[in-house]
Amino acid sequence: MNFSKNKLNRGFANLQGNYLFAEIARRLDSYRESHPDHKLIRLGIGDVTRPLAPSVIAAMHRAVDEMAGARTFHGYGPERGYEFLREAIVRAEYETRGVSMSPDEIFVSDGSKCDVANFQELFSSSCRVALGDPVYPVYLDSNVMANRSGKLQNNGHYERVAYLPFTAENSFAPPPPSEKVDLIYLCSPNNPTGTALDRETLSEYVAYAHRNHALILFDSAYSAYIRDPKYPGSIYEIPGAREVAVEFKSFSKTAGFTGMRCAFTVVPRELGEIHDRWFRRCCTKFNGVSYVVQRAAEAACSETGRTEIQRDIAYYMGNAAIIAFGLRKSGYEFYGGEHAPYLWWRLPDGVNSFDFFDRLLTCCEIVGTPGSGFGPRGEGYFRLTAFGDRADTEEAMRRIAERL
Ligand code: MLT
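Below you will find a few notes about this structure.

Rules of the game
- Residues numbered from 1 in each chain as written.
- Predicted model: local features only at pLDDT ≥ 70, side-chain atom pairs only at ≥ 80, totals over all residues.
- Heavy atoms only, no water.
- Helix = DSSP H or I, 4+ residues; strand = E, 2+ residues; numbered from the N terminus.
- Rg over C-alpha atoms; globule rule 2.2 N^0.38 Å.
- Buried < 20%, exposed > 50% of the residue type's maximum accessible area, 1.4 Å probe, protein only.
- Areas by Shrake-Rupley, 256 points an atom, 1.4 Å probe, with all protein chains shown as cover.
- Lys, Arg positive; Asp, Glu negative; His and termini not counted.
- Charge placed at Lys NZ, Arg CZ, Asp CG, Glu CD.
- Near = heavy atom within 4 Å.
- Polar contact = N/O pair within 3.5 Å; in protein donor to acceptor, adjacent residues only side chain to side chain.
- Expected span 1.5 Å × (residues − 1).
- Arc of directions from axis to C-beta.
- Contact = heavy atoms within 4.5 Å.
- 1 Å grid on protein atoms, 1.4 Å probe; cavity = no way out; pocket = protein on both sides within 12 Å on 5 of 7 lines; lining within 4 Å.
- Points joined across faces, edges and corners; volume = space filled by probe spheres on them.
- Nonpolar A, V, L, I, M, F, W, Y, C, P; charged D, E, K, R; others polar.
- Phe/Tyr/Trp six-rings, centres within 6.5 Å; stacked < 30°, edge-to-face > 60°.
- Pairing = 2+ DSSP bridges.
- Axes fitted to C-alpha atoms, helices over the stretch in contact; angles between N-to-C directions.
- Core = buried A, V, L, I, M, F, W, Y, C linked by side-chain atoms within 4.5 Å.

## What about the overall build of the protein?
Consideration 1: Assigned secondary structure in the protein consists of 13 helices and 13 strands.
Consideration 2: Since a compact globule built from 404 residues should have a radius of gyration of about 22 Å, the 21 Å found for the protein is in line with a globular shape.
Consideration 3: For the protein, the spread of C-alpha atoms along the principal axes amounts to about 60 × 55 × 50 Å.
Consideration 4: The burial tally for the protein puts 54% of its 404 residues in the buried class.
Consideration 5: Taken as a whole, the protein presents about 17,800 Å² of accessible surface, with 50% of it coming from carbon and sulfur.
Consideration 6: Treating the 47 positive side-chain charges of the protein as one cloud and the 50 negative ones as another, the clouds have centres 3 Å apart.

Here it is as structure tokens:
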């Protein structure tokens, strides 16, 4: 490379290895190359497998026809997303929860991963960040890239990050940080542990944020999987959250949009300059989600769409129950899978999660995700997803019972 190395963003040099799911894909490709005829069962990355709901497909057909006519064609859309979608989101996601929200507080995007990674751009590199261990790697990596983390230490933690332990010992509900932080990433239902934070715990975080002038970045991409109202599906169900929290929600895991790309971020007006600056950022750096996909997302919010989608969610949760039953029957300990499409499998003592990844791949031809890929406290755990095909999930549990 001719470009001078010391002019590169130093943050990237502090990253730890490859992005987790890229690393899994690399190992998988190499296994496939040497075993071309073998059928692998993929319970690794949380990617959906059910086809889109009929009302979503019908809405897309209609929208495509509109794009074919000179008078109904759509070019660039509004910066925050079309009003028809933002209004549909308010009705489906917030009115149903008794939460008041204005369509102007919603910013439609092409994915929560991008939004959650990009949001930190609004803040100075001196901000102190708190996030889980284990954690969805995007929260951490995006802050490392932004030079906010400091160096990686021998214990696998970055020197300037405050870690919230999501462990079995605290029932995966750590208290707010004991020190003062500025930004707090929370994910509920949680990826990777598959557990959810209850109202009381979230209220403690909201109170902490008020006391410390902190901002909560609440990733709620899996809220559609919650089965018990004691776990809020939106941070705004907690009084006082509008002044201290941004919320990320997605159609990916809710309506099977991982290949379609549509999500939204909620930035309440009470957040003042943060709201205005996010709008400014979106205007400069983003040209919106396609009209066809926004019409599809609108259909997913309709009453018919929501009923159809509930069937797919029930299907995935049926898979979660099959995995839970299989693990229990084989005498394994695990968490999650009740209000989330992930199960957090506690490996027998002393088993390293990347070694176990290789063992599960070679013995059972099943792909999962090693817990340590989510942080040092994920060591000794292994994540399985319920997003697979039903027959594959059943076959996976048979293989685990017979071959492991
Ligand atoms: C996961 O497997 O953790 C998710 O699929 C990642 C994502 O949603 O980006």
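## A word on the site of the ligand
Consideration 1: Close to the ligand lie F21, I45, G46, K113, Y136, N191, Y222, K253, Y342 and R383.
Consideration 2: G46 has a polar backbone atom sitting 2.6 Å from an oxygen atom of the ligand.
Consideration 3: At 2.5 Å from an oxygen atom of the ligand is found a side-chain nitrogen or oxygen belonging to Y136.
Consideration 4: Expressed as a share of its isolated accessible area of 270 Å², the protein-covered part of the ligand is 85%.

## Brief notes about helix α7 (residues 199-212)
Consideration 1: Taking 1.5 Å as the rise per residue, α7 with 14 residues should run 20 Å; its terminal C-alpha atoms sit 20 Å apart, in good agreement.
Consideration 2: Residues T201, L202, Y205, V206, Y208, A209 and N212 constitute the buried set of α7. One face of α7 carries all of its buried residues, which in axial projection span an arc of 160°. When the buried face of α7 is taken as reference, the exposed residues oriented beyond 90 degrees from it are E200 and R211.
Consideration 3: Where the residues of α7 are buried, they touch β4 (161-165), β5 (183-187) and β6 (215-219).
Consideration 4: Just downstream of α7, H213 is the residue with a positive phi angle, here 55°.

## What to know about helix α9 (residues 273-285)
Consideration 1: When the terminal C-alpha atoms of α9 are compared, their 18 Å separation across 13 residues agrees well with the 18 Å that a helix rising 1.5 Å per residue should span.
Consideration 2: Within the span of α9, buried status applies to H275, W278, R281 and C282. Buried residues of α9, seen end-on, are gathered within an arc of 125° and therefore sit on one face of the element. Of the residues in α9, the exposed ones pointing more than 90 degrees away from the buried face are E273, R280 and T284.
Consideration 3: Of the surrounding secondary structure, the elements contacted by the buried residues of α9 are β2 (106-109), α5 (112-118) and β8 (263-266).

## Regarding empty space enclosed by the protein
Consideration 1: Scanning all chains against the criterion turns up 3 cavities of 30 Å³ or more.
Consideration 2: The space that makes up the largest cavity amounts to roughly 70 Å³.
Consideration 3: For the largest cavity, the lining is made up of 14 residues, of which R50, A255, G256, D312 and Y316 are closest to its centre.
Consideration 4: The set of elements that each furnish at least two residues to the lining of the largest cavity consists of α8 (252-255) and α11 (303-329).
Consideration 5: The leading source of residues in the lining of the largest cavity is α11, at 4 residues.
Consideration 6: Across the lining of the largest cavity, the residue classes break down as 9 nonpolar, 2 polar and 3 charged.
Consideration 7: Considering only enclosed or pocket space, the second largest cavity measures out at about 40 Å³ in volume.
Consideration 8: Here the lining of the second largest cavity is built from residues that sort into 7 nonpolar, 2 polar and no charged.

## With respect to the packing of aromatic side chains
Consideration 1: Enumeration over the complete set of coordinates arrives at 26 aromatic pairs.
Consideration 2: When the ring of F119 is compared with that of F123, the centres are 6.1 Å apart and the planes differ by 40°; the resulting orientation is tilted. Judged on exposure class, the residue F119 and its partner F123 are both buried.
Consideration 3: With centroids separated by 6.4 Å and ring planes inclined at 50°, the aromatic side chains of Y335 and Y381 adopt a geometry described as tilted.

## Focus: the side chain of N319
Consideration 1: Relative to the helices and strands, N319 is located in helix α11.
Consideration 2: The class for N319 is buried, based on a relative accessible area of 0%.

## Digging into the sheet that holds β8
Consideration 1: Overall, mixed pairing links the 7 strands, which are arranged β2-β8-β7-β6-β5-β3-β4 in an open sheet. The open sheet has two free edges, formed respectively by β2 and β4, since each of these has just one partner strand. Pairwise comparison of adjacent strand axes, ignoring direction, gives a mean angle of 20° for this sheet.
Consideration 2: Strand direction decides the pairing type here: strand β3 (residues 129-133) and β5, joined by 2 bridges, are parallel. Within the sheet, the bridge partner assigned to A130 lies in β5 and is I184.

## Focus: the environment of Y82
Consideration 1: Note that Y82 resides in the loop between α3 (54-67) and α4 (83-94).
Consideration 2: Aside from chain neighbours lying at most four places away, what touches Y82 is H74, G75, Y76, G77, Y291 and Q294.

## Looking at the nonpolar core
Consideration 1: Within the largest apolar cluster, 101 residues are counted, with the highest numbers of intra-cluster contacts made by I184, L186, F251 and F257.
Consideration 2: Residue contributions to this core peak at 9 residues, all from α11.
Consideration 3: The residues contacting L186, other than those within four sequence positions of it, are L164, F166, L197, L202, Y205, I216, L217, F218 and D219.

## Here we look at unusual backbone geometry
Consideration 1: Cis geometry is adopted by the peptide bond preceding P189, which originates at S188 and carries an omega value of -10°.
Consideration 2: Here the amide bond leading from N191 into P192 is cis, since omega sits at 20°, within 30 degrees of zero.
Consideration 3: Secondary-structure assignment places P192 in the loop between β5 and α7.
Consideration 4: In this structure, N147 takes a positive phi of about 60° despite not being glycine.

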